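# Coordinate inspection notes
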Amino acid sequence: MKRIQKTVLVVAMFFLMSPLVLIAEEAMTRTPFGRTKTGAPVEKITLTNANGVRAEFLTRGATFCSMNVPDRDGTMADVLLGFDNVAGYESKGNQYFGCTVGRVCNRIAKGKFSLDGKSYQLYINDPPNHLHGGDGNSLDKVIWKADEVPCEQGASVRFSYNSPDGEENYPGNLLIEVTYTLTDKNEVRIEYFATTDQATPVCLTNHAYFNLAGAGSKTVLDHILTLNADRYTPTDETLIPTGEIATVKGTPLDFTTPHVIGERIEKLTNTASIGYDHNFVLNRKGKGLELAAKLKDPKSGRVVTIFTDQPGIQFYSGNFLFGQKGKQGKTYAHRSAVCLETQHYPDSVNKPQWPSIILRPGEEYRHVCVYAFSVE
Ligand code: BGC
């Protein structure tokens, strides 16, 4: 009798546990994350790799919302700023946390450009300029479709969005795809793709805010940064590039060798950027993926190394973070996170001498950015 009971118990346990085992092994899961103010459902997509590392994304803004990585002792921490709910993402506290930025990231002078003889006026949301794609329907705010895609390199999710002609006053129906892959080497690979039916400017990026000691840690000024850039694009008082390309030599912008972020930042406090908020011209040898930046937290040993095929990277030291409450009630203080945004140079649409951001019918916009996480 006892033996029969035991067998029944073992069989019952097996059937009860097997769904859990299946869930634990699944590389991509999707869970409801809540609804926007207008009632649209938002989903959270979780990618997990063989090391138990988890990367999470939201359908709102095709947002990279959390990244749990080990320190040199194996202790995990979420290194990305974000919120626990949709209301947080819809609040003033959300300064583009982790989102996909576009149609054109960074600033366009006075929101104006002309293309093929026609003038366009974009929304001025960072007076006197246009910033990060505009207002209500910029790519960070809309809901994207998410699909699991087969990928040999790891677990992969593809976000897609059809931006209609005239959205945010940009011309052309633009089909956009952003694919995130989490590999077993703890890399998050972002692949951008877009096509259009009319000529239009396109320059997408990701706006992840990193603090490698864990999001909500007091400062990022103790992190060590290296940038593969000998030059940068100086700006005017409104952060619009003057068109000049200058050397970083002899300035606080020289990160060609590793420097602690806080070492020279005060020299920039009384400038237009009130800290680091500069586009660096990447040293490039060819057209493929090349090293752009390396960020290290010396205490935890966590490192993120960034590779891209883009000509520039914006290094922004979180100067406008103001102590907003984020995930798990943690506070995001002034200069407590950095963004390293791979991109074309800001205001390229008005700088014919720089690499073009105009996409024409029949062409494909492509951009790859890899965040490789490791420890030292
Ligand atoms: C820009 C900053 C801006 C921030 C918004 C960065 O990409 O360079 O100037 O304030 O985004 O959060």
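Residues numbered from 1 in each chain as written. Predicted model: local features only at pLDDT ≥ 70, side-chain atom pairs only at ≥ 80, totals over all residues. Heavy atoms only, no water.

### Considering the overall build of the protein
- Along the protein, the regular secondary structure elements total two helices and 29 strands.
- Against the compact-globule benchmark of 21 Å for 376 residues, the protein has a radius of gyration of 22 Å, which places it among compact chains.
- In terms of overall dimensions, the protein has a C-alpha envelope of 85 × 45 × 40 Å along the principal axes.
- Counting the 376 residues in the protein, one finds 53% classified as buried.
- Counting contacts in the protein only where the partners sit at least 6 residues apart, residues at least 24 apart contribute 65% of the total.
- Taking the average location of the 40 positive side-chain charges in the protein and that of its 41 negative ones, the two points are 4 Å from each other. (Helix = DSSP H or I, 4+ residues; strand = E, 2+ residues; numbered from the N terminus. Rg over C-alpha atoms; globule rule 2.2 N^0.38 Å. Buried < 20%, exposed > 50% of the residue type's maximum accessible area, 1.4 Å probe, protein only. Contact = heavy atoms within 4.5 Å. Lys, Arg positive; Asp, Glu negative; His and termini not counted. Charge placed at Lys NZ, Arg CZ, Asp CG, Glu CD.)

### Side note on the pattern of salt bridges
- Taken as a whole and assessed by the stated rule, the structure comprises 17 salt bridges.
- A salt bridge links Lys141 to Asp140, with the nearest nitrogen and oxygen atoms 3.0 Å apart.
- Under the relative-accessibility criterion, Lys141 is labelled partly exposed at 27%.
- The partner of Lys294 in a salt bridge is Glu376, with the nearest N and O atoms 2.7 Å apart. Of the two residues, Lys294 sits in strand S22 (residues 290-296) while Glu376 sits in the segment after strand S29 (365-375), which places them 82 residues apart along the sequence.
- Its relative accessible area of 27% is what places Lys294 among the partly exposed residues.
- When its relative accessible area of 43% is taken as the criterion, Glu376 is described as partly exposed.
- Connected through salt bridges with shared partners, the residues Lys44, Arg54 and Glu56 form a single ionic network. (Salt bridge = Lys/Arg side-chain N within 4 Å of Asp/Glu carboxyl O.)

### Overview of the state of the cysteines
- Per the counting criterion, the structure on display carries zero disulfides.
- Take Cys105: it sits in no disulfide, and the sulfur closest to it among the cysteines is that of Cys203, at 3.7 Å.
- Classification of Cys203 as buried rests on a relative accessible area of 2%. (Disulfide = S-S within 2.5 Å.)

### A look at the packing of aromatic side chains
- With the rule as written, the count across this model stands at 21 aromatic pairs.
- Ring centres of Phe64 and Tyr371 lie 6.1 Å apart, and the angle between their planes is 15°; on these two criteria the pair is classed as stacked. Taken as a pair, Phe64 in strand S4 (residues 63-70) and Tyr371 in strand S29 lie far apart in primary sequence, 307 residues in all.
- Taking relative accessible area as the criterion, Phe64 reaches 1% and is therefore assigned buried.
- Relative to Tyr316, the ring of Tyr209 has its centre 6.2 Å away and its plane inclined at 80°; by these criteria the two rings are edge-to-face. Of this pair, Tyr209 sits in the loop between strand S16 (205-206) and strand S17 (224-227) while Tyr316 sits in strand S24 (residues 312-316); the two residues are 107 residues apart in sequence, bridging distant segments of the chain. The burial state of Tyr209 is the same as that of Tyr316; both residues are buried.
- Through a chain of ring-to-ring contacts, three or more aromatic side chains come together here, namely Phe33, Phe83, Tyr89, Phe97, Tyr209, Tyr316, Phe320 and Tyr332.
- The ring of Phe255 has Arg264 lying over it, and the distance from NZ or CZ to the ring centre is 4.8 Å. (Phe/Tyr/Trp six-rings, centres within 6.5 Å; stacked < 30°, edge-to-face > 60°. Lys NZ or Arg CZ within 6 Å of the ring centre and 35° of its normal.)

### Concerning the site of the ligand
- By nearness alone, every residue bordering the ligand is listed as Gln95, Tyr96, Asn106, Arg107, His132, His207, Tyr209, Asp277, Gln314, Tyr316, Phe320 and Glu341.
- At 2.8 Å from an oxygen atom of the ligand is found a side-chain nitrogen or oxygen belonging to His207.
- Its free accessible area being 310 Å², the ligand has 95% of it covered by the protein chains.
- In terms of residue class, the shell around the ligand is built from four nonpolar, five polar and three charged. (Near = heavy atom within 4 Å. Polar contact = N/O pair within 3.5 Å; in protein donor to acceptor, adjacent residues only side chain to side chain. Areas by Shrake-Rupley, 256 points an atom, 1.4 Å probe, with all protein chains shown as cover. Nonpolar A, V, L, I, M, F, W, Y, C, P; charged D, E, K, R; others polar.)

### What about the sheet that holds S29?
- Taking strand neighbours across the sheet as the criterion, the nine strands line up as S11-S12-S13-S14-S29-S23-S22-S17-S20 in an open arrangement whose pairing is antiparallel. Two strands bound the open sheet, and with one partner strand each, they are strand S11 (145-148) and strand S20 (259-260).
- Here strand S12 (residues 154-163) runs beside strand S13 (residues 174-183); their pairing, made up of ten bridges, is antiparallel. The partner of Gly154 across the bridge, within S13, is Thr183. (Pairing = 2+ DSSP bridges.)

### Looking at the sheet that holds strand S3 (residues 54-58)
- Across the sheet, which stays open at both edges, the five strands sit in the order S1-S2-S3-S4-S5 with antiparallel pairing between neighbours. Pairing within the sheet leaves two strands with one partner each, and these edge strands are strand S1 (28-35) and strand S5 (76-78). For this sheet, the mean inter-axis angle between neighbouring strands, taken without regard to orientation, is 20°.
- Across five bridges, strand S2 (residues 41-48) lies against S3 in antiparallel orientation. Within S3, the position partnered with Thr46 by the bridge is Glu56. (Axes fitted to C-alpha atoms, helices over the stretch in contact; angles between N-to-C directions.)

### Brief notes about the nonpolar core
- With 63 residues, the main nonpolar core has Phe57, Phe64, Met67, Val188, Phe315, Leu340 and Tyr371 as its most contacted residues.
- For this core, the element with the highest residue contribution is S13, accounting for five residues.
- Aside from chain neighbours lying at most four places away, what touches Met67 is Val53, Arg54, Ala55, Ala77, Asp78, Val79, Leu80, Leu182, Val188 and Phe373. (Core = buried A, V, L, I, M, F, W, Y, C linked by side-chain atoms within 4.5 Å.)

### Let's talk about the confidence of the model for the protein
- With 93% of its residues at a pLDDT of 70 or more, the protein shows a mean pLDDT of 94.
- Ranking the helices and strands of the protein by mean pLDDT puts S17 first, with 99, and helix H1 (residues 2-25) last, with 51.
- Contacts from residues 18-25, a stretch scored under 50 in pLDDT, to residues over four places away or in other chains number zero contacts. (pLDDT = per-residue confidence, 0-100.)

### Section: unusual backbone geometry
- Between Gly102 and the following residue, Arg103, the backbone shows a cis peptide bond with an omega angle of 15°.
- Here Arg103 shows up in the loop between strand S6 (100-101) and strand S7 (107-108).
- Cis geometry marks the peptide bond from Pro127 to Pro128, where omega comes out at 0°.
- In this structure, Pro128 sits in the loop between strand S9 (118-121) and strand S10 (130-131).
- For Asn106, which is not a glycine, the phi torsion comes out positive at approximately 60°.
- By relative accessible area, which is 3% here, Asn106 ends up buried.
- Here Asp347, not a glycine, exhibits a phi torsion of approximately 60°, which is positive.
- Relative to the helices and strands, Asp347 is located in the loop between strand S27 (339-343) and strand S28 (358-359).
- According to the relative accessible area criterion, Asp347 is buried, its value standing at 4%.

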